[in-house]
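A look at the structure
Listed below are the residues making up each chain.
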Amino acid sequence: MGPPKGICLRDPAVHGRDVGGDGMAGDRGGARRVAICGKGGSGKTTIAGTLARVLARTGRSVVAIDGDSNPNLALTLGLSPAEAERIVPLPRDLLVERVEPSGERATVLREPPDRIVQTYGVCTPDNVTLILMGRVDHAGAG
Ligand SMILES: Nc1ncnc2c1ncn2[C@@H]1O[C@H](COP(=O)(O)OP(=O)(O)OP(=O)(O)O)[C@@H](O)[C@H]1O
Ligand SMILES: [Mg+2]
């Protein structure tokens, strides 16, 4: 059996109240996006995972997106290797091209973001919802 699917439900008794008022996003504020970048092996995954867990423990809704083709954020978020292996990544055909009435081409999501999170999000121990962008299935030559 894999980890629970879908958006994590917050339990104030366990995860604390949404404190708000400190300049960070919470129920009473807008959503924020945080991107962690840096050179190889510099601690990106460790910082991203720890930050996500700390924020979730204060009661904030956190969606962590692992965009690494060799994803291991799941382990930092507290899943076991076996649970991490069972996560279904986002399908490659989630983005579709459409032609606007103006004739311009636009690349858009095939489904609303909320539904994507509900379908592909995985709940992790500190209530961070994890999404995998994709992973390399097979090593190739070259
Ligand atoms: N503050 C720290 N002190 C000591 N070791 C650390 C620290 N942060 C991370 N590490 C260790 O450094 C190694 C690389 O960390 P991490 O995997 O987070 O880096 P990364 O930038 O995500 O790497 P990659 O580019 O391969 O994805 C890991 O073994 C991790 O446990
Ligand atoms: Mg990493």
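Small disclaimer: the values here were computed from a predicted structure and weren't measured.

Taken in spatial order, the three strands of this open sheet run β1-β5-β4, and their pairing is mixed. This sheet does not close on itself; its edge strands, each paired only once, are β1 (62–66) and β4 (122–123). In terms of strand pairing, β1 meets strand β5 (residues 128–132) through five bridges, oriented parallel. Looking across to β5, one finds that A64 is bridged to L130. Each of β1 and β5 touches helix α2 (residues 44–57); the most contacted strand, β1, lies at about 165° to it.

Let us look at the pairing of β5. Of all five residues making up β5, five are buried, and the element is well covered by its neighbours. Burial along β5 is two-sided: the face carrying V128, L130 and L132 and the face carrying T129 and I131 are both buried. Across two bridges, the pairing between β4 and β5 is antiparallel. Residue pairing for β5: V122 is matched across the bridge by L130. Following β4, the chain reverses through four residues before pairing antiparallel with β5; N127 in that reversal takes a positive phi of roughly 75°.

Despite not being glycine, N127 shows a phi value in the positive range, around 75°. Position of N127 relative to the elements: it lies in the loop between β4 and β5.

Another point: the nonpolar core. Residues A52, A64, A74, L77, V128 and L130 are the most contacted members of the largest nonpolar core, which totals 19 residues. Of all elements in the fold, only α2, β1, α3 (73–76) and β5 reach the threshold of two or more residues within this core. Excluding its chain neighbours within four sequence positions, the residues that come into contact with A52 are V62, A64, L77 and V128.

Overall, the predicted model of the protein reaches an average pLDDT of 83, with 76% of residues at or above 70. Note that pLDDT drops below 50 for residues 14–28; the model gives that stretch 25 contacts with residues more than four away or on any other chain.

Rules behind the numbers
Residues numbered from 1 in each chain as written. Chains lettered and ligands numbered in written order. Predicted model: local features only at pLDDT ≥ 70, side-chain atom pairs only at ≥ 80, totals over all residues. Pairing = 2+ DSSP bridges. Helix = DSSP H or I, 4+ residues; strand = E, 2+ residues; numbered from the N terminus. Contact = placed C-beta atoms within 7 Å. Axes fitted to C-alpha atoms, helices over the stretch in contact; angles between N-to-C directions. Buried ≥ 20, exposed ≤ 12 C-beta atoms within 10 Å, placed from the backbone. Core = buried A, V, L, I, M, F, W, Y, C linked by C-beta atoms within 7 Å. pLDDT = per-residue confidence, 0-100.

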